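# Per-entry structural report
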Amino acid sequence: MPFAETGDGVRLYYEFTGPEDAPVIIQFGGGLFGRHNFGLVNDGFRERFRLLSFDARGYGASSHPREQYTIEGWAADGAALLDAVGLERVFVHGTSMGGMIAIAFAAKYPERTIAACADVAFAKPDVYRQTVFRIWRRMAESMPWDDFSDHVTTQAVGARFMESPGGENIFGLVRDIVGLNDPYTVRQACLAMENMDLSELVPKISRPLLMTNGTHDVLCPPDLAPSGLGARRMTELNEHITLVEFPDIGHADLVECPQDAIRIVTEFFLEAT
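Being a predicted model, the structure only gives us computed values, none of them experimental. (Residues numbered from 1 in each chain as written. Predicted model: local features only at pLDDT ≥ 70, side-chain atom pairs only at ≥ 80, totals over all residues. Heavy atoms only, no water.)

## A few points about the overall build of the chain
- Across its full length, the chain carries 11 helices and eight strands.
- Against the 2.2 N^0.38 benchmark of 19 Å for 273 residues, the chain shows a C-alpha radius of gyration of 17 Å, consistent with a compact globule.
- If one aligns the C-alpha atoms of the chain with their principal axes, the spans along those axes are about 45 × 40 × 40 Å.
- The buried share of the chain, taken over its 273 residues, is 58%.
- At a minimum sequence separation of 6, the contacts of the chain that also span at least 24 residues come to 75%.
- Split by element, the accessible area of the chain, about 11,400 Å² in all, is 49% carbon and sulfur. (Helix = DSSP H or I, 4+ residues; strand = E, 2+ residues; numbered from the N terminus. Rg over C-alpha atoms; globule rule 2.2 N^0.38 Å. Buried < 20%, exposed > 50% of the residue type's maximum accessible area, 1.4 Å probe, protein only. Contact = heavy atoms within 4.5 Å. Areas by Shrake-Rupley, 256 points an atom, 1.4 Å probe, with all protein chains shown as cover.)

## As for the sheet that holds strand S3 (residues 24-28)
- In spatial order, the strands read S1-S2-S4-S3-S5-S6-S7-S8; together these eight strands make up an open sheet with mixed pairing. Taken across any chain shown, the strands that pair with only one partner, and hence form the sheet edges, are strand S1 (3-5) and strand S8 (241-246). Averaged over neighbouring strand pairs, the angle between their axes works out to 25° when direction is ignored.
- Two strands pair when backbone bridges link them, and S3 and strand S4 (residues 50-54) are joined in this way by three bridges, in the parallel orientation. Each bridged residue has a counterpart across the sheet, and for Ile-26 the counterpart in S4 is Leu-52. (Pairing = 2+ DSSP bridges. Axes fitted to C-alpha atoms, helices over the stretch in contact; angles between N-to-C directions.)

## Notes on the packing of helix H4 (residues 127-142) against helix H5 (residues 145-156)
- Packing of H4 against H5 leaves a shortest axis separation of 9 Å and a crossing angle of 160°. Here H4 is positioned roughly antiparallel relative to H5, judged by the angle of their axes. Seen along the crossing, H4 lies across H5 with a hand that is left-handed. Facing Val-132, Trp-136, Met-139 and Ala-140 of H4, the residues of H5 in contact are Trp-145, Phe-148, His-151, Val-152 and Gln-155.
- Of the residues in the contact of H4 with H5, the class split is seven nonpolar, two polar and no charged. (Parallel < 35°, antiparallel > 145°, perpendicular 65-115°, else oblique. Left-handed = near helix turned anticlockwise from the far one by under 90°. Nonpolar A, V, L, I, M, F, W, Y, C, P; charged D, E, K, R; others polar.)

## Considering helix H7 (residues 170-178)
- The complete set of buried residues in H7 reads Ile-170, Val-174, Ile-177 and Val-178. Projected onto a plane normal to the axis of H7, the buried residues spread over an arc of 95° and lie on a single side.
- Contacts made by the buried residues of H7 are with H5, helix H6 (159-162) and helix H10 (253-256). (Arc of directions from axis to C-beta.)

## Focus: unusual backbone geometry
- In this structure, Ser-96 is a non-glycine residue whose phi angle is positive, near 60°.
- Within the secondary structure, Ser-96 is located in the loop between strand S5 (90-95) and helix H3 (97-108).
- Of note in this structure, Val-120 is not a glycine but carries a positive phi near 40°.
- Mapped onto the elements of the fold, Val-120 is located in the loop between strand S6 (113-119) and H4.

## What about empty space enclosed by the protein?
- This structure, assessed with the given rule, holds one cavity of 30 Å³ or more.
- Counted as a void, the largest cavity has a volume near 80 Å³.
- In terms of lining residues, the largest cavity is bounded by Gln-27, Phe-28, Gly-29, Gly-30, Gly-34, Arg-35, Phe-54, Ala-56, Tyr-59, Trp-74, Met-97 and Ile-101.
- Those elements giving two or more residues to the lining of the largest cavity turn out to be S3 and H3.
- Residue composition of the lining of the largest cavity, by class: seven nonpolar, four polar and one charged. (1 Å grid on protein atoms, 1.4 Å probe; cavity = no way out; pocket = protein on both sides within 12 Å on 5 of 7 lines; lining within 4 Å. Points joined across faces, edges and corners; volume = space filled by probe spheres on them.)

## Structural notes on the pattern of salt bridges
- Applying the stated criterion across every chain yields a total of 19 salt bridges.
- The salt bridge involving Lys-124 is made with Asp-197; its shortest N-O contact spans 4.0 Å. Taken together, the residues span a long stretch of sequence, with Lys-124 in the loop between S6 and H4 and Asp-197 in the loop between helix H8 (183-195) and strand S7 (209-214) at a distance of 73 residues.
- A residue is classified by how much of its surface remains accessible, and Lys-124, at 26% relative accessible area, is partly exposed.
- Residue Arg-129 pairs with Asp-126 through a salt bridge whose shortest N-O separation is 2.9 Å. For the residue pair Arg-129 and Asp-126, the accessibility class agrees, reading buried in each case.
- Residues joined in a network through salt bridges with shared partners are Asp-8, Arg-57, Glu-67 and Asp-77. (Salt bridge = Lys/Arg side-chain N within 4 Å of Asp/Glu carboxyl O.)

Here's what the structure looks like:
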């Protein structure tokens, strides 16, 4: 199994898939799904790109230090991984919490970023979203893991999709993936999103950044209340940021409309080269 050292004693499990001569996308997974977030879109992206998928600090086969986790810290681990595998510049694709990491990465490491996509993400939570993450954290501390997974599913996946031919197994799928997580890391991820404020980084983004958000997403909608900083406001603050809005879905475009997600992100990345 390939591992990379971050320089502070943490080992990150990673894997490359796709054509060896294709441009590389580094993937940042969400706080509850990790690298498994991209399972339904990886085949599509591998038609044009080589994928660098890895278990973030605290997830999967990587090290699980008992420490405070932050969005910026996970972005720094991504840069350390690129150093370890000898890559100068890559495309960056993050979803949900991983999209927040992608925002931080694009701002802090422009020299490593060709272009980035922050899927279903924002730069700062409003009071509503802070409360959601706080309640998630409390649930993760007190509820049976399967019940917690089912609750998260109701907030992440649209009601229509759950009753569609492709969504009948969604609760079991989410239970299986969330069950792979370290509960300590999940609580830390909720806390990291609850306290996150990337407002000062947004104006510093100098590489093309695509925000993809679902209109009916209760977790990361394109528009937040005034205390937050969502995707639409980010585009107003920085000319390098573009928003594509999925009008008919919630938080899970990679599950609910994977072919559209593959097409939109691929086109954006190819135009940036």
